[in-house]
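Close look at the chain arrangement
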Amino acid sequence: MTQRNLWLRAIGFMVATLLVTLLGAWLLFGRDRSPIQTDLLAMLPATERNPLAEVAAQRLAHANGDRVVLVMANADDAQAKAAARELGKMLAKDEVFASVTAELPPFDLQQLVTPFLAHRFNLLTDADRQALAQPGYDPKQALAQRINEPFVTGIGTRLQDDPFGWLQHWLEQQPWSRSPLLPEDNLLTAHRDDGSYVLVTATLSGSSYDDAIQHRALAALDQAGHSIEHDHPGTRVLRTGALFYAASARSGAERDVHRVGLVSTLGIGVLLLLVFRSPGPLLLAFLSTAIGIVAATAVSVLLFGQIYLLTLVFGAALLGEAVDYSIQYLTARANAGHAWEPRQGLQQVRPALLLALGTSLLGYALLGMVPFPALRQMACFAVVGMATACLSVFFLLPALLQRTAKPLSSLSVRCAQAMQHVVVRATAGWRGASLAAFALLLAVPGWMQMHHDDDVHLLISPPADLVTQEKQIRDITGLGNGTQFYLVQGADQEQVLQREEALEQRLQAMTDAGQLQGWIGLAGMVPSLQRQRANHALLAPLFAQPDRLRHWLHDAGFRDADIDSYLQAWPGTPLNLQDWLKTPAATPFRYLWMGDEAQRGAASLVLPQGDASSILLKQAAANLPGVTLVDKAAGVSELFGRYRRYTGVWLLAAVLLIVPVFGWRYGWRSMPRMLAPPVLGIGFTLAVLGYLHHPLTLFHGMALMLVLGVGANYAVFLREGEPHVTHRPGAMYASVLLSAITALLSFGLLAWSSMPALQDFGLTLLLGIGFTAVLVPASTAPRASSP
């Protein structure tokens, strides 16, 4: 290759880099919406075999995703209500909120009752159904009880419209009647022993995961909250919503990116400066790595349309591995002295770099096989970043590194030589066998203490304050957790409602037993036609004798006009679901009907209220046709567990793929020594995790795959490089240690990430790379030495 071709390759590579950089800048900053994805649900894999269940999970997750729930708490009822009114007015002035509801518009509670009057004879509670079916049922007693009932303060029917109380009993079981929040002074208010709680809700004008919306909404809420707490002493502003969790996740990821990126950059920079004794190699190493990171970011956003928080933090840590390729080329230049020639240097390191790149890409490719969007994007990011960084060494650095360089720092080489000598001696002959046996004895107790935890909630760690406030608001308002629901499917609307009713019979039994707070389902608000006909049939014998009914009502003191109106309302009409869904009362519950999403037949959702276990909820749906419990968290946890168990198989498969490559390149007798450092590093890492009682997760398994790839890289670098530095023992191991320390500075810092998943990832890599770097001298053939 001529000098001219060398420069042409470098110029072509830089032009391509510039184009990719411009593409990445446009993808990140040139569009209306930031591609940074803070929606944690988007990172999770699909877990339901039924596609409609996945659609339902997405619908529920985002039904209230753009809604902010605020509760004013104060021991003084007047202060709490005044604070709620003032907060509503303050937020309504900000355009970031599409709507704010504090004071309810004046309305008559009878407006909620009127739509049901035409269908009153088709709507009965289970208790009234059972009573009416009894041979000794006495309508006159029911009439007397109704007349003597205390005055209804909430939603109730007029006595003349419902003299026997059947519709009133049915209305009392509806969600709007069971809510702890009741309209008081046009505010939704709940009372407890410690004071009053007033609800304020706000809907964002955009997505709660949009960066601009987050900043504006949080600023408005923080300012309003401080003002309220100042102007109304004793008032606490409780708040919950996806907005706060998304903002917390974003800020945590940004802190991690800054911490990992800054500390690793400074650490790597100082190390390179100390070892190479010149700022030139430092700048070129960072240039090579930066090109890889830029390309990885652009390709990831281009392919996935967004970039996850996990990928951002992982990308900051990838700096420590991507710099390995430039380090090896820079080391070859430093060790060549005055004999340096860039094209010969490239020929010298090319086999090692390609083999190392292949083993690394193998690990990341296996990582990308997991059906987990975030892990697949991390794998894509790593594959593109590592490959581009390696290509920069082939196409760019030879043209920029024409002159000779200073040799590596004598101190670093002497330290590496001493350490290499100790490891080689300790692992040779009977010493090696004894040391291996001793290490095995130490590791076995750690392996025996290993356990696992696949809970998806370990993926993130939301602030305790947010979790506490959400729990308080749920207890006060009666809102469900929204993470578990039943999907009810049928051939048509009628069959869906009938199947819901069968499910609700079991849920009512759980509620009566104190295992469940309740549930929300459409069949409870609109019974099936079959149930309505049965209800109607139970009342038919009473209305078959209108004169007797008239006599009872007249004796009870009802006016003739009211009696005539009531009797003329019989037989009424059935309540139709589609008609009811168009009424204002149905507005908060329309998302429960999945009719538009079901391609065949119909479907609906039933939401259990409370914190019942998945086992009990599954039992409630057992053997009910068309009824499925969808528990996204449990489904993802189960999937994590399944793939965690597969990681052992993947590790073995990766080793089996590397074996023939190493056997072909280095000979079958040397192959076990080459593989020993990463394999032993994995074993010792698992032992330490066992001693630490650190539960294993899928992320530990994925990190071990990378330990295998990185460890194999170090063995390759040392084995390929040593023949070229026989004049300077220890120089090649110094470069391997430099690569290991840079990896530890970046990946190891993930152990202190705010995301538990990345903590597991980082801790495993910290231990695995550390053990492998110490053991890698054992991969070379032992030199003869006296005992």
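Residues numbered from 1 in each chain as written. Predicted model: local features only at pLDDT ≥ 70, side-chain atom pairs only at ≥ 80, totals over all residues. Heavy atoms only, no water.

Turning next to the overall build of the chain. For the chain, the helix and strand inventory stands at 32 helices and 12 strands. Computed over its C-alpha atoms, the radius of gyration of the chain comes to 35 Å, more than 25% above the 28 Å expected for a compact globule of 787 residues. Taken along its principal axes, the extent of the C-alpha atoms in the chain is 120 × 55 × 45 Å. Taking the contacts inside the chain whose residues are at least 6 apart along the sequence as the reference set, 81% of them involve residues at least 24 apart. Total accessible area on the chain stands at roughly 34700 Å², and carbon and sulfur atoms take up 60% of it. Distance between charge centroids for the chain: 17 Å, based on 57 positive and 59 negative side chains. (Helix = DSSP H or I, 4+ residues; strand = E, 2+ residues; numbered from the N terminus. Rg over C-alpha atoms; globule rule 2.2 N^0.38 Å. Contact = heavy atoms within 4.5 Å. Areas by Shrake-Rupley, 256 points an atom, 1.4 Å probe, with all protein chains shown as cover. Lys, Arg positive; Asp, Glu negative; His and termini not counted. Charge placed at Lys NZ, Arg CZ, Asp CG, Glu CD.)

With that settled, the discussion passes to unusual backbone geometry. Of the consecutive residues tryptophan 570 and proline 571, the connecting peptide bond is found in the cis state with omega at 10°. Position of proline 571 among the secondary structure elements: in the loop between helix H25 (560–569) and helix H26 (577–581). Residue aspartate 185 is not a glycine yet carries a positive backbone phi of 55°. If you trace the backbone, aspartate 185 turns up in the loop between strand S4 (182–184) and strand S5 (187–192). According to the relative accessible area criterion, aspartate 185 is exposed, its value standing at 51%. (Buried < 20%, exposed > 50% of the residue type's maximum accessible area, 1.4 Å probe, protein only.)

Positionally, serine 528 belongs in the loop between helix H22 (522–525) and helix H23 (529–543). In this structure, serine 528 is in contact with Glu494, Leu497, Gln498 and Glu501, ignoring residues within four places of it in sequence.

Tallying each qualifying case throughout the model produces zero disulfides. With no disulfide of its own, cysteine 380 lies 17 Å from the sulfur of cysteine 390, the closest cysteine sulfur. Under the relative-accessibility criterion, cysteine 380 is labelled buried at 15%. (Disulfide = S-S within 2.5 Å.)

Turning to the environment of leucine 745, a few remarks are in order. Among the structural elements, leucine 745 can be located in helix H31 (residues 731–747). Judged by its relative accessible area of 23%, leucine 745 is partly exposed. Sequence separation of leucine 745 and leucine 766 is 21 residues, and the distance between their C-alpha atoms is 8.7 Å.

On to the pattern of salt bridges, then. For the structure on display, the rule yields 13 salt bridges. Between aspartate 185 and lysine 81 there is a salt bridge whose closest N-O contact spans 2.9 Å. Separated by 104 residues along the polypeptide, aspartate 185 in the loop between S4 and S5 and lysine 81 in helix H4 (residues 77–92) bring together distant segments of the chain. Glutamate 341 is paired through a salt bridge with arginine 343; the nearest N and O atoms lie 2.9 Å apart. Judged by its relative accessible area of 25%, arginine 343 is partly exposed. (Salt bridge = Lys/Arg side-chain N within 4 Å of Asp/Glu carboxyl O.)

Before going further, it helps to examine the confidence of the model for the chain. When pLDDT is averaged across the chain, the result is 85; 93% of the residues are at 70 or more. Looking over the chain, one finds the lowest element-wise mean pLDDT in helix H2 (residues 40–43), namely 62, and the highest in H23, namely 94. (pLDDT = per-residue confidence, 0-100.)

Before going further, it helps to examine the sheet that holds strand S10 (residues 518–521). The four strands are arranged S10-S11-S9-S12 in an open sheet whose pairing can be described as antiparallel. What marks the edges here is a single partner per strand, and that holds for S10 and strand S12 (627–631). Here the strands of the sheet are splayed against their neighbours by 25° on average, with no regard to which way each runs. In this sheet, strand S11 (residues 602–609) lies alongside strand S9 (residues 484–490) in antiparallel orientation, the contact comprising five bridges. Bridged to leucine 487 within S11 is leucine 605. (Pairing = 2+ DSSP bridges. Axes fitted to C-alpha atoms, helices over the stretch in contact; angles between N-to-C directions.)

This part takes up the nonpolar core. Judged by nonpolar contacts, the single largest core of 112 residues is most densely connected at Leu375, Phe662, Tyr714 and Phe761. It is helix H30 (residues 698–721) that contributes the most residues to this core, 16 residues altogether. Sequence-distant contacts of phenylalanine 761, defined by excluding residues within four places in its chain, comprise Phe314, Met378, Phe699, Met702, Ala703, Leu706 and Leu750. Formed by 51 residues, the second largest nonpolar core is a distinct cluster that contains Ala57, Leu497, Ala586 and Leu617. (Core = buried A, V, L, I, M, F, W, Y, C linked by side-chain atoms within 4.5 Å.)

With that settled, consider the environment of proline 342. The topology assignment puts proline 342 in helix H15 (residues 342–367). The class of proline 342 is buried, set by a relative accessible area of 2%. Spatially, the C-alpha atom of proline 342 lies 79 Å from that of histidine 191, the residues being 151 residues apart in sequence. Here proline 342 is in contact with Leu6, Tyr329, Pro398, Leu401 and Gln402, once residues within four sequence places are set aside.

What follows concerns helix H16 (residues 373–395). Here H16 spans 32 Å end to end across 23 residues, near enough to the 33 Å set by a 1.5 Å rise per residue. Within H16, 17 of the 23 residues are buried, which leaves it mostly tucked inside the rest of the structure. (Expected span 1.5 Å × (residues − 1).)

This next bit is on the packing of H30 against helix H32 (residues 756–775). Viewed as axis vectors pointing N to C, H30 and H32 meet at an angle of 30°, and their least axial separation amounts to 8 Å. Between H30 and H32, the interaxial angle falls into the category roughly parallel. As H30 packs across H32, the resulting crossing turns out to be right-handed. On H32, the residues touching Phe699, His700, Met702, Ala703, Leu704, Leu706, Val707, Val710, Gly711 and Tyr714 of H30 are Ala757, Asp760, Phe761, Thr764, Leu765, Gly768, Ile769 and Thr772. Taken together, the residues of the contact of H30 with H32 sort by class into 12 nonpolar, five polar and one charged. (Parallel < 35°, antiparallel > 145°, perpendicular 65-115°, else oblique. Left-handed = near helix turned anticlockwise from the far one by under 90°. Nonpolar A, V, L, I, M, F, W, Y, C, P; charged D, E, K, R; others polar.)

Inspection of the secondary structure assignment puts histidine 119 in the loop between helix H5 (110–117) and helix H6 (126–133). Among the residues examined, histidine 119 registers a relative accessible area of 13% and is labelled buried. Separated by 2.8 Å, the side chain of histidine 119 and the backbone oxygen of threonine 573 make a polar contact. Among all residues touching histidine 119, those that are not within four sequence positions of it are Thr573, Pro574 and Leu575. (Polar contact = N/O pair within 3.5 Å; in protein donor to acceptor, adjacent residues only side chain to side chain.)

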